[in-house]
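# Per-entry structural report
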Amino acid sequence: MSEAKQTYDPAAIEPKWQQFWREHDVFRARNPGDPDFDPRQPKYYALDMFPYPSAAGLHVGHPEGYTATDIVSRWKRAKGCNVLHPMGWDAFGLPAEQYAIQTNTHPAETTAANIATFRRQLQRLGFSYDWNREISTADPQYFRWTQWIWKRLYERGLAYESNAPVWWCEALGTVLANDEVVNGRSERGDHPCERRPLRQWVLKITDYAERLLADLDGLDWSESLKTMQREWIGKSEGAEVDFAVDGPAAAKVRVFTTRPDTLFGASFLVLSPEHPLVAAITTPAQRAAVEAYQKAAAAKSELERTDLAKTKTGVATGAFARNPLFAADDARGRIPIWIADYVIVTYGTGAIMAVPAGDERDFAFARTFGLPIPGIFAPATGAAERDADIAAGRACCTDEVPYAAHCRTADGSLALAGRSLADAKRATIAWLVQRGCGEAKVTYKLRDWLFSRQRYWGEPFPVLHTQDGVELVPDAQLPVTLPRMADFKPGGTPESPLIRAKEWVATKDTKGRPAQREINTMPGAAGSSWYFLRFCDPHNEREFCSRAASDYWLPVDLYVGGTEHAVGHLLYSRFWTKVLHDDGRVGTVEPFGKLYNQGMIQAFAYEDGRGAVVPMANVKEDGDDAVHAATGEKLKRIVTKMSKRYGNVINPDDVVNEYGADTLRLYEMYMGPLADSKPWNPKDVPGVFRFLQRSWRLVVPEFAEKGAVHEWLRQDRPDDPALEKALHRTIHKVDGDIERMAFNTAIAAMMIFVNEATKAMDRLSRSQLLRFAQLLQPFAPHLAEELWQRLGGRGLLARAAWPQVDAVLLVDDEVELAVQVLGKVRARVTVPADADQATVLAAARQAAASWLDGKTVVKEIVVPKKLVNFVVK
RNA sequence: GCGGGGAUGGCGGAACGGCAGACGCAGCGGCCUUAAAAGCCGCAGGCCGGCAACGGCCGUGAGGGUUCGAGUCCCUCUCCCCGCACCA
């Protein structure tokens with residue numbers, strides 16, 4: 001056979017190994033009870049946030065996190081773990097449906113096509129997923145169990161129908177959950193949204209607020225993400241206080257406050273314009289003004305209402321309330337009741353006691369309307385002017401400072417002077433409780449989860465509306481599938497398009513009487529709230545997931561995805577897990593032990609002099625600069641999101657076609673720390689390709705028979721000591737770097753090894769290259785498997801054990817020390833690694849002799865194996 | 001405004017309080033080649049001096065501090081990114 005040129009050709013080796021792995025089911029995870037299950041192996045569950053299969057296909061951002069979990073999965077397998085590494089599709093929901101509407105194709109078809117594209121794209125990248133466990137949330141065999149879990153929520157009193165105001169988005173034709181609306185606009189599509197009272201299904205996530213908050217502490221998540229969830233849950237502790245309304249209405253206004261200790265300074269009440277009591281208490285003289293204000297507030301957008309920069313607005317109702325701390329004849333206790341849009345109807349009780357001396361907002365409001373600002377503090381900070389202002393109510397103080405002596409009731413039953421903030425709060429609450437006009441209260445910002453949508457492409461609720469009210473579809477009749485509809489567009493009314501499927505809607509209840517199916521569908525986040533459970537037992541036809549399977553696999557050991565799901569998906573999944581736990585269905589209370597947020601992959605773009613981005617099609621390279629193709633204007637390079645508009649979107653398929661999947665994987669890991677956002681630089685990609693090519697060259701001669709290796713690698717021989725040492729260092733470094741998810745430095749370490757090995761190529765041994773292939777395997781699995789096979793490695797590399805490190809080889813016999821004089825490096829010495837301090841100092845003195853000449857050494861610092869520092873005078 | 005993260009060569013980025021700039025890109029020089037590409041071997045923070053080997057000084061957003069020693073720790077400030085934003 002003639003000697004052909006043997007080049008590194010990913011297009012030839014990658015599909016071959018992908019096919020081989022799949023045909024031999026190499027990455028199948030074994031459940032307890034399966035044949036070949038080995039109970040001695042530790043389990044490891046590595047999970048990616050599964051994608052929405054959008055029509056645009058895979059984005060380069062997807063493989064970033066997926067490569068990271070794949071590296072960890074392959075490494076854990078090599079370390080002897082039973083690894084669960086699954087992939088599936090978040091296939092229901094708005095994006096799929098919007099695309100279906102745009103293309104006038106049924107969402108079932110577009111979704112199937114998109115999934116096929118995503119699957120093909122992912123499979124080209126050589127991820128070690130157990131494809132036997134692939135799931136789609138839009139598959140009836142999957143959403144059957146989504147419906148089943150929803151029934152358990154209903155039975156536990158956690159799902160209810162509500163008519164409260166919800167976010168309605170006209171453009172999307174559906175209502176949206178709080179986390180899907182940002183500043184009064186839809187997160188998806190940026191359409192305006194408004195509050196409307198509509199009948200909706202709601203999940204009582206607020207019942208779990210305290211546990212969702214408390215259990216965050218034990219999780220291995222980034223502090224910033226935990227903080228986001230804490231703030232979203234928004235716990236605040238305080239009190240509710242009743243204020244009797246003076247006059248004919250004889251009503252009581254209940255307010256929530258976190259500062260009951262400042263009740264002595266409450267000089268007016270503020271109700272939100274929507275507060276139900278407003279109409280009843282408003283005096284005839286104020287009615288016109290109040291109603292006008294209410295109308296104006298209702299017409300304002302959410303953005304206008306929450307604009308912090310604007311001055312406070314409000315109107316007096318004409319009514320007065322009694323501050324419970326003051327006697328009936330005490331003028332200080334008679335305080336006016338106002339309405340203002342800075343008080344939010346949905347938080348607390350929708351009413352506040354205003355304490356201008358202790359709250360910036362109340363202070364600003366009092367100033368605007370000339371309301372009294374009674375001082376309640378007696379600060380003694382030494383800043384005399386400010387102290388006096390605070391005492392007199394000319395300035396507002398939110399810090400903990402001493403209370404004024406007049407913070408006491410007439411009978412002395414409550415006196416705050418001398419008490420700490422915490423103590424004063426306690427004492428005030430106790431006083432209120434004793435008199436039946438208040439109680440301690442914890443409030444959360446977290447709202448119940450709006451769980452229905454007026455869209456076609458979602459899970460139908462297993463609910464019938466009968467003459468007796470709501471009836472659930474029996475478990476045995478699940479799944480309730482969607483009717484096939486030619487026209488599935490939203491109707492522009494707050495009713496789902498399912499209302500037009502008349503034959504589907506009209507059905508019979510369990511007693512055979514006419515009933516209507518629920519026409520709302522579940523939100524996109526329904527299916528994704530439990531998919532990590534289904535992966536544990538995806539083919540179970542009797543249960544959503546067997547207890548044995550979830551007990552074995554959960555919690556997820558490593559969950560990787562973007563921060564965009566910080567308060568939506570991650571909170572909902574935690575909630576459902578806790579409910580299923582309380583129902584005895586899963587053992588764990590938290591689904592995700594360790595969570596890692598990858599950064600965003602950005603791109604370069606070019607700006608002209610006006611700061612406008614010039615599409616890439618109009619950008620021309622001119623030496624080191626970029627210029628406008630038409631005008632020749634010099635352009636400035638910036639880093640932005642990839643965007644179709646800028647023409648700087650990188651398609652993973654193109655990268656694979658040009659360089660191969662191993663290069664794509666390696667480049668994405670080499671760009672920088674996984675958690676950081678960083679720009680894609682097309683010029684850097686060939687760098688990692690070259691590294692793979694050099695790795696190939698260590699094994700395969702340039703001209704040889706097909707499949708041949710260098711002649712010196714055809715049989716075993718003793719390891720070259722220097723290369724062996726370098727290899728052990730590399731193994732040690734790569735091992736530690738994978739552990740801490742520092743993939744960029746792991747790759748750099750392998751590059752260093754390959755550079756050294758290339759210079760001494762003919763001294764390499766087969767054993768050394770087999771071990772190097774093992775190291776490379778998690779990162780560039782195809783090339784590594786190919787090299788392993790050519791070198792005659794035993795069995796499959798994907799199943800081979802991780803190479804051992806000999807600690808002895810990690811230490812040098814001799815070390816080079818820096819010799820510093822006054823902290824500046826002046827010389828270097830090489831000494832035996834085990835040299836004692838005196839020897840080291842003697843050598844260092846000699847080396848730095850010219851710098852020490854004529855000086856007195858006052859201190860000698862020796863850092864073993866690093867440096868010597870002489871402090872001289 | 002509040003909370004979190006960040007700022008290191010021309011670019012992406014490395015650096016348990018211990019030799020700043022590993023590794024890669026771009027750049028420069030050499031080898032190979034008729035030539036080019038590829039590949040291989042080198043050089044490469046800035047400034048100053050020297051034919052050169054080399055030597056000196058300055059350098060991690062700005063300013064202070066702690067320390068024998070600071071990119072790393074502390075304080076003040078500037079700018080950038082992310083989240084929250086009248087939540088009582």
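If you're wondering where the values come from, they're calculated on a predicted model, not measured in any experiment.

### Things to note about the packing of aromatic side chains
Applying the stated criterion across every chain, the model contains 48 aromatic pairs. The interplanar angle of 50 degrees and the centroid separation of 4.8 Å between the aromatic rings of Trp 338 and Phe 369 together place this pair among those described as tilted. One end of the pair, Trp 338, is in strand β17 (residues 334-339); the other, Phe 369, is in helix α11 (residues 360-369), and 31 residues separate them in sequence. Their ring planes at 65 degrees and their centres at 6.1 Å tell us that Trp 530 and Phe 544 sit as a pair that is edge-to-face.

### Focus on the domain arrangement of chain A
Here chain A is partitioned into domain 1 (1-10 + 656-809), domain 2 (236-443), domain 3 (601-640) and domain 4 (812-872). For domain 2 and domain 4, the distance between their C-alpha centroids amounts to 70 Å.

### So, the protein's contact with RNA strand B
Around RNA strand B sit 55 residues in total, of which Ser 236, Thr 258, Arg 361, Lys 445 and Arg 828 are the nearest. The protein-proximal atoms of RNA strand B, defined as those within 4 Å of the protein, are 66% sugar or phosphate. At a separation of 2.6 Å, a phosphate oxygen of RNA strand B approaches a polar side-chain atom of Arg 690. Asn 755 places a side-chain nitrogen or oxygen 3.0 Å from a phosphate oxygen of RNA strand B. Looking at the surface near RNA strand B element by element, the count peaks at eight residues for helix α23 (residues 743-759).

### What to know about the packing of helix α22 (residues 721-739) against α23
Viewed as axis vectors pointing N to C, α22 and α23 meet at an angle of 170 degrees, and their least axial separation amounts to 8 Å. Taken together, the axes of α22 and α23 lie roughly antiparallel to each other. Together, Leu 723, Ala 726, Leu 727, Thr 730, Lys 733, Val 734, Asp 737 and Ile 738 of α22 and Phe 743, Thr 745, Ala 746, Ala 749, Met 750, Phe 753, Glu 756 and Ala 757 of α23 make up the contact between the two elements. Tallied by class, the residues present in the contact of α22 with α23 amount to eleven nonpolar, two polar and three charged.

### Considering the pattern of salt bridges
What the rule picks out here adds up to 60 salt bridges. Notably, a salt bridge pairs Asp 653 with Arg 124, separated by 3.1 Å at the nearest N-O pair. Of this pair, Asp 653 sits in helix α19 (residues 652-659) while Arg 124 sits in the loop between α4 (107-123) and β5 (135-136), and the two are 529 residues apart along the sequence. Owing to a relative accessible area of 12%, Asp 653 belongs among the buried residues under this scheme. Note that Arg 574 and Glu 590 form a salt bridge whose closest N and O atoms lie 2.8 Å from each other. Within this pair, whereas Arg 574 is found in helix α18 (residues 569-582), its partner Glu 590 is found in the loop between α18 and β26 (595-597), the two being separated by 16 residues in sequence. In terms of burial, Arg 574 and Glu 590 fall into one category: buried. Here the residues in one salt-bridge network are Glu 240, Asp 242, Lys 252, Arg 254 and Glu 439, joined through shared partners.

### Side note on the sheet that holds strand β25 (residues 558-561)
Here we have four strands laid out as an open sheet, ordered β3-β2-β25-β26, and parallel in their pairing. The sheet terminates laterally at β3 (82-84) and β26, the two strands that pair on one side only. In this sheet, adjacent strand axes meet at a mean angle of 20 degrees when their direction is disregarded. Of the strand pairs in this sheet, β25 and β26 are connected by three bridges, and their pairing is parallel. What sits directly across from Gly 561, in β26, is Asn 597.

### A closer look at helix α9 (residues 284-299)
In this model, α9 (16 residues) spans 24 Å end to end at C-alpha, consistent with the 22 Å of a helix rising 1.5 Å per residue. Taken together, the buried positions of α9 are Val 290, Tyr 293 and Ala 297.

Calculation notes
- Residues numbered from 1 in each chain as written.
- Chains lettered and ligands numbered in written order.
- Predicted model: local features only at pLDDT ≥ 70, side-chain atom pairs only at ≥ 80, totals over all residues.
- Heavy atoms only, no water.
- Phe/Tyr/Trp six-rings, centres within 6.5 Å; stacked < 30°, edge-to-face > 60°.
- Helix = DSSP H or I, 4+ residues; strand = E, 2+ residues; numbered from the N terminus.
- Domains from an automatic or database assignment.
- Near = heavy atom within 4 Å.
- Polar contact = N/O pair within 3.5 Å; in protein donor to acceptor, adjacent residues only side chain to side chain.
- Axes fitted to C-alpha atoms, helices over the stretch in contact; angles between N-to-C directions.
- Parallel < 35°, antiparallel > 145°, perpendicular 65-115°, else oblique.
- Contact = heavy atoms within 4.5 Å.
- Nonpolar A, V, L, I, M, F, W, Y, C, P; charged D, E, K, R; others polar.
- Salt bridge = Lys/Arg side-chain N within 4 Å of Asp/Glu carboxyl O.
- Buried < 20%, exposed > 50% of the residue type's maximum accessible area, 1.4 Å probe, protein only.
- Pairing = 2+ DSSP bridges.
- Expected span 1.5 Å × (residues − 1).

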